[in-house]
Amino acid sequence: MNRYQQAKEMFAAYGVDTDAAIEKLATIPVSVHCWQGDDVVGFDGAGAASGGIQTTGNYPGRARTPEELMEDIRLAFSLMAGKLRLNLHASYAILGKDAGKVDRDAYRPEHFAPWVKFAKEIGLDGIDFNPTFFSHPKMKDGLSLSSPDEETRKFWIRHGQACIRIAEYLATEMGSHCLVNIWISDGLKDVPADRLTPRLRLKDSLDEILSVPYDKSKVRVAVESKVFGIGLESYTVGSNEFYQNYAATRGICCLLDNGHYHPTEVVSDKIPSLLAFYDTVALHVTRGVRWDSDHVVLLEDELKEIAKEIVRNDATDKVMIGLDYFDASINRISAWVVGERNMDKALLYALLQPSKTLQKMQDEANFTEQMVLQEEMKTLPYGDVWEEYLRRNKFAGADWFEQVRAYENKVLKARR
Ligand code: RNT
Ligand code: ZN
């Protein structure tokens, strides 16, 4: 009997069907962020990321052009299994002859046509989109949609509106919804004199962005809150309470980034709280080390808890899983693959739980057995089921890194 057969029997003893888990895993889309490949720089002239976020490290091989980024994504995605989506930022517009002439408030669908062509070519499930309200000279005193300067605020409103139109184009082309995630870095370094007025301006700006007519079956809009950013430690305009109430009253959804809360708060507990009220919830899965540092996602306990909340609540089509991290200190392709595979591993782990049995134990207040079973499950051979998943999806086990190493030697090291 091979290892998978043995594992299958061991899980079956707990009423868990490993074949069904493998099949289900292949259907859960993960939206992979383009910005791990170039340290969130983009192609519209920003230089380095600013707006309270920062990449650290100087590993060779950062993608500097659309061609290089696509080449890297092509390799990275070929080493991931299951349904994949590409998450783009507006700053990755491919402007061509419009470079230097057309600003972010006037980006058009055609500036993303090469991405659509590419996504279709590599067989992606869809494209998600983010307006880029940071790393740009039109940010005034660190503010965009909440700026007291009307010209500045209007510029960024037009950017948001342009992005809604682009998202509808992306959805139509890909035949799959497009999630538009709004995150702004607006905030203050020190104790504010006014916390309310910037929020009222943000509220008004968002309403103006959403006033653009769009097809809600194609475009899903989310708002992403945050606690603080670098240099913006004392006040974030787009706070959790602000956006949850905004989303609830406007019929859009919330995006939960697990680096964006106070250290003992967990997104695994927020997902079911939101599912009680919203049809959809979006995620940015990341790993903060002591702060919102956006380290590569590892297979940690909280990731497994997040995956459990998605799987056992039958919410795999309600929770839109996206990755959001950027590490410039290691091979960027490897960073992509490790993080995406860990998301998949966590989902598999969740799919292999005897969830119904455990839930019944909880309802019957059978907490002793619940603990025993939860702990027994932890040492079952998940790795053998994971290997089988990769095998069925025609992936080699651990030798994927050899391909990355060869690519690094041949392609990445030549980028100077
Ligand atoms: C920043 C937010 C935001 C960005 C990306 C690039 O703290 O998490 O989502 O990381 O939009
Ligand atoms: Zn995020």
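First, a word on scope: everything that follows refers to the structure included in this document. All of these numbers come straight from a predicted model, not from anything done at the bench.

Relative to the helices and strands, Lys 304 is located in helix H9 (residues 301–311). No salt bridge is formed by the buried Lys 304; its nearest oppositely charged neighbour, Asp 301, is found at 4.3 Å. Beyond its immediate chain neighbours, meaning those up to four positions away, Lys 304 contacts Leu 299, Ala 346 and Tyr 349.

This paragraph deals with the side chain of Ser 146. Topologically, Ser 146 is positioned in the loop between strand E3 (126–130) and helix H5 (150–174). With near-sequence residues (within four places) excluded, Ser 146 lies in contact with Asp 186, Pro 198, Arg 201, Leu 202 and Val 237.

Around ligand 1 there are 13 residues in total, and His 89, Glu 224, Lys 226, Asp 257 and Asp 324 lie nearest to it. The contact in question runs from an oxygen atom of ligand 1 to an N or O atom on the side chain of His 284, over 3.1 Å. Between ligand 1 and Asp 324 there is a distance of 2.8 Å, counted from an oxygen atom to a side-chain nitrogen or oxygen. Here ligand 1 has 310 Å² of accessible area as a free molecule, and 100% of this is covered by the chains. Spatially, ligand 1 is embedded in the largest cavity. For the shell around ligand 1, the class distribution of residues is five nonpolar, three polar and five charged.

The next subject is the nonpolar core. By size, the foremost hydrophobic cluster in this structure holds 131 residues, and its most contacted members are Trp 115 and Leu 283. Apart from the residues lying within four places of it in its own chain, the contact partners of Trp 115 are Phe 43, Leu 69, Met 70, Ile 73, Leu 86, Leu 88, Tyr 92, Ile 94 and Ile 127. Counting residues in hydrophobic clusters, the runner-up holds six residues, among them Ala 222, Cys 253, Ala 282 and Met 320.

A few words now on the packing of helix H2 (residues 18–25) against helix H10 (residues 332–351). Two elements in contact, H2 and H10, have axes whose closest approach is 9 Å; the angle formed by their N-to-C orientations is 145°. Considering how the two elements wind past one another, H2 and H10 form a crossing that is right-handed. Side by side, H2 and H10 meet where Ala 21, Lys 24 and Leu 25 of the first sit next to Asp 344, Leu 347, Leu 348 and Leu 351 of the second. Residues belonging to the contact of H2 with H10 are distributed by class as follows: five nonpolar, no polar and two charged.

Next up on the list: the coordination of the zinc ion (ligand 2). Surrounding the zinc ion (ligand 2) are the protein donor atoms Glu 224 (OE), Asp 257 (OD), His 284 (ND1) and Asp 324 (OD), at 2.1 to 2.2 Å. Geometry at the zinc ion (ligand 2) is octahedral, judged from its six donor atoms and the angles of 72 to 173° they form at the metal. In primary sequence terms, the donor set of the zinc ion (ligand 2) follows E-x32-D-x26-H-x39-D. Highlighted residues: Asp 257 in strand E8 (residues 253–257) and His 284 in strand E9 (residues 281–285), separated in sequence by 27 residues. The exposure classification of Asp 257 matches that of His 284, with both residues buried.

Conventions and cut-offs
Residues numbered from 1 in each chain as written. Chains lettered and ligands numbered in written order. Predicted model: local features only at pLDDT ≥ 70, side-chain atom pairs only at ≥ 80, totals over all residues. Heavy atoms only, no water. Helix = DSSP H or I, 4+ residues; strand = E, 2+ residues; numbered from the N terminus. Buried < 20%, exposed > 50% of the residue type's maximum accessible area, 1.4 Å probe, protein only. Lys, Arg positive; Asp, Glu negative; His and termini not counted. Salt bridge = Lys/Arg side-chain N within 4 Å of Asp/Glu carboxyl O. Contact = heavy atoms within 4.5 Å. Near = heavy atom within 4 Å. Polar contact = N/O pair within 3.5 Å; in protein donor to acceptor, adjacent residues only side chain to side chain. Areas by Shrake-Rupley, 256 points an atom, 1.4 Å probe, with all protein chains shown as cover. 1 Å grid on protein atoms, 1.4 Å probe; cavity = no way out; pocket = protein on both sides within 12 Å on 5 of 7 lines; lining within 4 Å. Sits in = over half its atoms within 2 Å of the grid points. Nonpolar A, V, L, I, M, F, W, Y, C, P; charged D, E, K, R; others polar. Core = buried A, V, L, I, M, F, W, Y, C linked by side-chain atoms within 4.5 Å. Axes fitted to C-alpha atoms, helices over the stretch in contact; angles between N-to-C directions. Left-handed = near helix turned anticlockwise from the far one by under 90°. Donors = N, O, S within 2.8 Å, 3.2 Å for Na, K, Ca; no water. Tetrahedral: all angles 85-135°; square planar, octahedral: opposite > 155°, others 65-115°.

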